[in-house]
Amino acid sequence: MGNHPFLFGILGVLIVLFFTLENKSSGKKISPNTLGLMVNSQNAQLVDIRANKKFNTGHIQGSRNIPFTQLKDHLDELKAIEEPIIVICDMGLQSSAAVQLIGKPNVFRLDGGIGGWQAAGMPLVGAKTAKGKVVDGKAKLKK
């Protein structure tokens, strides 16, 4: 490092540029708390791009399931929506590709995806408990 300060300086600039471009290309992230505010105040539309099987194990109330593999078939429909769109996936990674695909300025992705939503203590609907009972909200076990 001491022998090549110029090269390490260039490396530092490239790292900063990489993260700057990555953040711009991946779409605007919103937190689980902001999602609720946007749904209530701006009538934001929730699009869950997980596979049907995962969606059916539990999803955010009011979300619509369009699996990522079928997203291209729904692009015209999604682009016609005037309200903000919030894209939801498992961990927040695949939703960045969906945001780019939709290509509108008012499309956001849920930071951390469903995992981040649950980590924030937010409920899922349609989730099954260990006893197999479908519940709305937080899962509760029978005693």
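Look up a bit, the structure's there.
Bear in mind the structure is a predicted one, so any value in this text is a computation, not a measurement.

Turning to the environment of glutamine 94, a few remarks are in order. Within the secondary structure layout, glutamine 94 lies in helix H5 (residues 94-102). Apart from residues no more than four positions distant in its own chain, glutamine 94 is found in contact with Ile49, Phe68 and Cys89.

Inspection of the secondary structure assignment puts aspartate 48 in strand S2 (residues 45-48). Those residues in contact with aspartate 48 that lie beyond four places of it in its chain are Phe55, His59, Ser63, Arg64, Asn65, Ile66, Pro67, Ile88 and Ile114.

For the structure shown, the criterion picks out 3 salt bridges. Its salt-bridge partner being aspartate 48, residue arginine 50 comes within 2.9 Å of it at the nearest N-O pair. You can call aspartate 48 buried: its relative accessible area is 0%. Note that glutamate 77 is salt-bridged to arginine 64, the shortest N-O span being 2.4 Å. Residue glutamate 77 is found in helix H4 (residues 75-79), and its partner arginine 64 is found in strand S3 (residues 64-65); the two are separated by 13 residues along the sequence. In this structure glutamate 77 comes out as partly exposed when scored by relative accessible area, which is 36%. Taking relative accessible area as the criterion, arginine 64 reaches 34% and is therefore assigned partly exposed.

Quick look at the sheet that holds strand S4 (residues 85-88) now. With parallel pairing, the 5 strands of this open sheet are ordered in space as S1-S5-S4-S2-S3. Since the sheet does not close on itself, it has two edges, and those belong to strand S1 (28-30) and S3, each with one partner. Two strands pair when backbone bridges link them, and S2 and S3 are joined in this way by 2 bridges, in the parallel orientation. Bridging across to S3, valine 47 finds its partner in arginine 64. Most of the contacts of H5 go to strand S5 (residues 107-110), to which it runs at about 175°, and overall it touches S4 and S5.

Criteria and thresholds
- Residues numbered from 1 in each chain as written.
- Predicted model: local features only at pLDDT ≥ 70, side-chain atom pairs only at ≥ 80, totals over all residues.
- Heavy atoms only, no water.
- Helix = DSSP H or I, 4+ residues; strand = E, 2+ residues; numbered from the N terminus.
- Contact = heavy atoms within 4.5 Å.
- Salt bridge = Lys/Arg side-chain N within 4 Å of Asp/Glu carboxyl O.
- Buried < 20%, exposed > 50% of the residue type's maximum accessible area, 1.4 Å probe, protein only.
- Pairing = 2+ DSSP bridges.
- Axes fitted to C-alpha atoms, helices over the stretch in contact; angles between N-to-C directions.

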